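Spelled out from the first residue to the last, the chains are:
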Amino acid sequence: MKCFVGLDVSSTKLDVCIMLSDTTTPFTASLSNDLTGASEIKKHILELNETYSFERIVIGMEATSLYSFHPAMFFNEDSQLKALNVEVMVEQPNKIKKYRETFEESKNDTIDAFYIADYFRIERFSPAFLKEEKYLALQHLTRTRLQLIEQLTRTKQHFIENIYYKCNTLSTEIKNENLTTSLWSSTMISLMTKDYTLDELATVPLKDLADFIQKLGRGRFKAPDKLAKAIQAAIRGSYRLPKLQQDSVNVILGLLAREIRNLEQMIKDIDKAIEDMVEVIPEYQCLTSIPGVGKVYAAGIIAEIGQIERFKDHPQVAKYAGLNWKQNQSGNANSQNTDLVKRGNRYLRYYLVEAANSVRRHDSEYQAFYKKKYQEVPKHQHKRAIVLTARRFVRLVDALLRNRQLYTPPRRLMEDK
């Protein structure tokens, strides 16, 4: 006899259905999502095991990120349940949803718990045990870092929009001078948020403005005179806002500038915390040995994968990341126009794609593969090529982590032979 425990988890409730392999359900309940509720479920599992001596016990739930974290860890780490070799499974919600919809149109928490238990009873899932604590701890940092990066990107975009209100030709003039200065660089932020009006900046002698820009940039500008020229040209060619609107834009720019600086400092701090934490994860060095894979990308990949043994092979890792494509076959015909599966772990997909994009700039083999895929299609060349490069990169990541080895370029292998 086998036992399958289905948990429908929300912020406050644990709806549970304990189902046996003959589909009987000796226990169903709606309990609190806390230590008391989880302990009650554990008590019933142990009592039922005394009666049936289960050959297998599976506790399954949907991945609800924050809400499922504590119950999953509680059941996975409990010493009494470990002694019974209890398996704790966290499955993608869309898979269980599709399974439930084939039987039942209505939806409530009690029905959901029943179908979660039944989903695991038919054993069509891919067993994947939970990550060890060190990976989960690292994951908190790497996911927060990505969220900060996304927030910083949105803030910079908002800053650029308000720069356009204040000086609408600034971006164009900087491009015309072939300058690489970004509108959200610290120097540009200072210029656009200091207590200077556009008219005052326009009347400053060009050399004085160039010297002031170089001072703000701490001597890093190669052509401060060209930047000063572009700024003054932009001021002369831009519309002027009425005073009240100009004042509101200045307030917004000042607030956004402060947010940009704060976010950049927070990202630096979290990068330092990530670097400190990965020192206790030996396989981290396997990935940083790949040219182009820095500490942050390596940490992000490892945090999401956890123990590589959770996955059978590299296709399963790719599928987990959402780097796989739908098959479209009818009879003997296979469609060549297939879509990327739009699900999976978005954090792992992000770090794999970003790392692959960096690797192809440092490794000739990946550079050639990227170029080949880029030239195969007339549209969306980069997006397609880099995703395919990331899929190839998964094989390398899987091999290095599984074998606990450092990266050795193919050329070096040839020379060694």
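What counts as what
- Residues numbered from 1 in each chain as written.
- Predicted model: local features only at pLDDT ≥ 70, side-chain atom pairs only at ≥ 80, totals over all residues.
- Heavy atoms only, no water.
- Helix = DSSP H or I, 4+ residues; strand = E, 2+ residues; numbered from the N terminus.
- Buried < 20%, exposed > 50% of the residue type's maximum accessible area, 1.4 Å probe, protein only.
- Contact = heavy atoms within 4.5 Å.
- Areas by Shrake-Rupley, 256 points an atom, 1.4 Å probe, with all protein chains shown as cover.
- Lys, Arg positive; Asp, Glu negative; His and termini not counted.
- Charge placed at Lys NZ, Arg CZ, Asp CG, Glu CD.
- Domains from an automatic or database assignment.
- pLDDT = per-residue confidence, 0-100.

- Per an unreviewed UniProt entry, the protein chain goes by Transposase, IS116/IS110/IS902 family protein and derives from Streptococcus hyointestinalis.

1. Brief notes about the overall build of the protein chain
Okay, step 1: For the protein chain, the helix and strand inventory stands at 19 helices and seven strands.
Okay, step 2: Along the three orthogonal principal directions, the C-alpha set of the protein chain runs to about 90 × 65 × 50 Å.
Okay, step 3: Looking at the protein chain as a whole, 44% of its 417 residues are labelled buried.
Okay, step 4: In the protein chain, the proportion of contacts linking residues at least 24 apart, taken out of those at least 6 apart, comes to 67%.
Okay, step 5: Counting every atom, the protein chain has about 23,000 Å² of accessible surface; 50% of that belongs to carbon and sulfur.
Okay, step 6: Treating the 61 positive side-chain charges of the protein chain as one cloud and the 52 negative ones as another, the clouds have centres 8 Å apart.

2. Side note on the domain arrangement of the protein chain
Okay, step 1: Structurally, the protein chain comprises domain 1 (2-130), domain 2 (139-272) and domain 3 (282-328 + 337-403).
Okay, step 2: Computed over C-alpha atoms only, the centres of domain 1 and domain 2 are separated by 53 Å.

3. Some thoughts on the confidence of the model for the protein chain
Okay, step 1: On average, residues of the protein chain score 88 in pLDDT, and 91% of them reach the 70 mark or higher.
Okay, step 2: Mean pLDDT per element in the protein chain: strand E6 (residues 329-330) is the minimum at 43, and helix H1 (residues 35-52) is the maximum at 96.
Okay, step 3: Here residues 328-336 is modelled with pLDDT under 50, and outside its nearest four sequence neighbours on either side it reaches six contacts, counting other chains as well.
Okay, step 4: With pLDDT under 50 throughout, residues 412-417 is counted as low confidence; its partners more than four residues away or in other chains account for one contact.

4. Details of helix H14 (residues 295-305)
Okay, step 1: Of all eleven residues in H14, nine are buried, a share of seventy percent or more.
Okay, step 2: Of the positions making up H14, those classed as buried are Val296, Ala298, Ala299, Gly300, Ile301, Ile302, Ala303, Glu304 and Ile305.
Okay, step 3: Gly306, located one to two residues past H14, shows a positive phi value of around 70°.

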